[in-house]
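A structural walkthrough
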Amino acid sequence: METRLDVRGEPDAAIAAVRSLVRVSRLLERSLDELSLPHYRVLAAISAGEERASRVAARLELGRPAVSAAVASLAERGLLVRTDVAGDQRAAGLRLTEAGAQTLARADAAMSAALRILAAKTNDPEGMLETLGRLNEAVSETYAQRMAGLTGVEPGTVQEASPSNVSASVHANGPAVR
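Here's a quick rundown of the structure. Computed from a predicted structure; not experimentally measured.

**Focus on the overall build of the protein**
If you tally the helices and strands in the protein, you get seven helices and two strands. Helices (α) and strands (β) of the protein occur, in sequence order from the N terminus, as α-α-α-α-β-β-α-α-α. Across the protein, every contact between residues at least 6 apart in sequence was considered, and the portion connecting residues at least 24 apart equals 47%. For the protein, the exposed surface amounts to about 12,100 Å²; the carbon and sulfur share of it is 54%.

**A look at the side chain of histidine 39**
Along the chain, the position of histidine 39 falls in helix H2 (residues 37-47). Relative accessible area serves as the criterion here: at 16%, histidine 39 is assigned to the buried category. Those residues in contact with histidine 39 that lie beyond four places of it in its chain are Ala70, Ser73, Leu74 and Arg77.

**Let's talk about the pairing of strand E1 (residues 80-85)**
The sheet contact formed by E1 and strand E2 (residues 88-96) spans six bridges and is antiparallel. Looking at E2, one finds that threonine 83 is bridged to glycine 93.

**Describing the packing of helix H5 (residues 98-119) against helix H6 (residues 125-147)**
Axis angle and axis distance: for two packed helices, these are the angle between their axes and the distance between the axes, and together they describe the pair. Following both chains from N to C, one finds H5 and H6 inclined at 130°, their axes separated by 8 Å at the closest point. If you check the angle between H5 and H6, you find them oblique. The two elements H5 and H6 cross, and the hand of that crossing is right-handed. Every residue of H6 that contacts H5 at Leu115, Arg116 and Ala119 is listed here: Pro125, Glu126, Met128, Leu129 and Leu132.

**Describing the nonpolar core**
The biggest cluster of nonpolar side chains holds 23 residues, and the ones touching the most others in it are Tyr40, Val42, Leu43, Val56 and Leu80. For this core, the elements supplying multiple residues, two or more each, are H2, helix H3 (53-60), helix H4 (64-76), E2 and H5. Ranked by residues supplied to this core, first place goes to H2 with six residues.

**With respect to unusual backbone geometry**
Unlike most non-glycine residues, glutamate 61 shows phi in positive territory, near 55°. For glutamate 61, the location among the structural elements is in the loop between H3 and H4.

**Some words on the packing of H2 against H5**
Two numbers describe how H2 lies on H5: the axes approach to 10 Å, and their chain directions differ by 115°. Note that H2 runs across H5; the crossing there is left-handed. Residues Leu37, Tyr40, Leu43, Ala44 and Ser47 of H2 form the contact with H5, whose participating residues are Gly100, Leu104, Ala107, Asp108 and Met111. Of the residues that constitute the contact of H2 with H5, the class distribution is seven nonpolar, two polar and one charged.

Definitions and limits used
Residues numbered from 1 in each chain as written. Predicted model: local features only at pLDDT ≥ 70, side-chain atom pairs only at ≥ 80, totals over all residues. Heavy atoms only, no water. Helix = DSSP H or I, 4+ residues; strand = E, 2+ residues; numbered from the N terminus. Contact = heavy atoms within 4.5 Å. Areas by Shrake-Rupley, 256 points an atom, 1.4 Å probe, with all protein chains shown as cover. Buried < 20%, exposed > 50% of the residue type's maximum accessible area, 1.4 Å probe, protein only. Pairing = 2+ DSSP bridges. Axes fitted to C-alpha atoms, helices over the stretch in contact; angles between N-to-C directions. Parallel < 35°, antiparallel > 145°, perpendicular 65-115°, else oblique. Left-handed = near helix turned anticlockwise from the far one by under 90°. Core = buried A, V, L, I, M, F, W, Y, C linked by side-chain atoms within 4.5 Å. Nonpolar A, V, L, I, M, F, W, Y, C, P; charged D, E, K, R; others polar.

What follows is the structure, given as structure tokens:
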């Protein structure tokens, strides 16, 4: 069986995109002086309105122990505070401190600058940034569907990604959820 190389020596455009995203995430993480990427993700989720550790874990698709460790570290650094949740003694509310909001703003600025430098090396920098923004919307929709128990695949079946079934699914139902 012959493997056709399509995009810069990669076997297919989706694989090339996955490998690019992984490499970009590492470049973005290196632009951070004050936070690790997992700690950035936790602060960003709290900033976006996720006020409970359990919801942060669900949104980021992380285990509760990983989120608990990140929350403990960020709280120790004074970047967030835990609060009581009225009516639920087991739940911990989370809120960014002023220092946490400022740290998040600096991280956003650093990573945005790094991404703009990278995008400037493409033939359509603004188009690249817009596409990544649309990808973020698709990820948010996917997370919302997962949290609602929707998967996009019938229970008990395994659906392998192929150009034909992914394309048909996207055209018929919007982006496929895996």
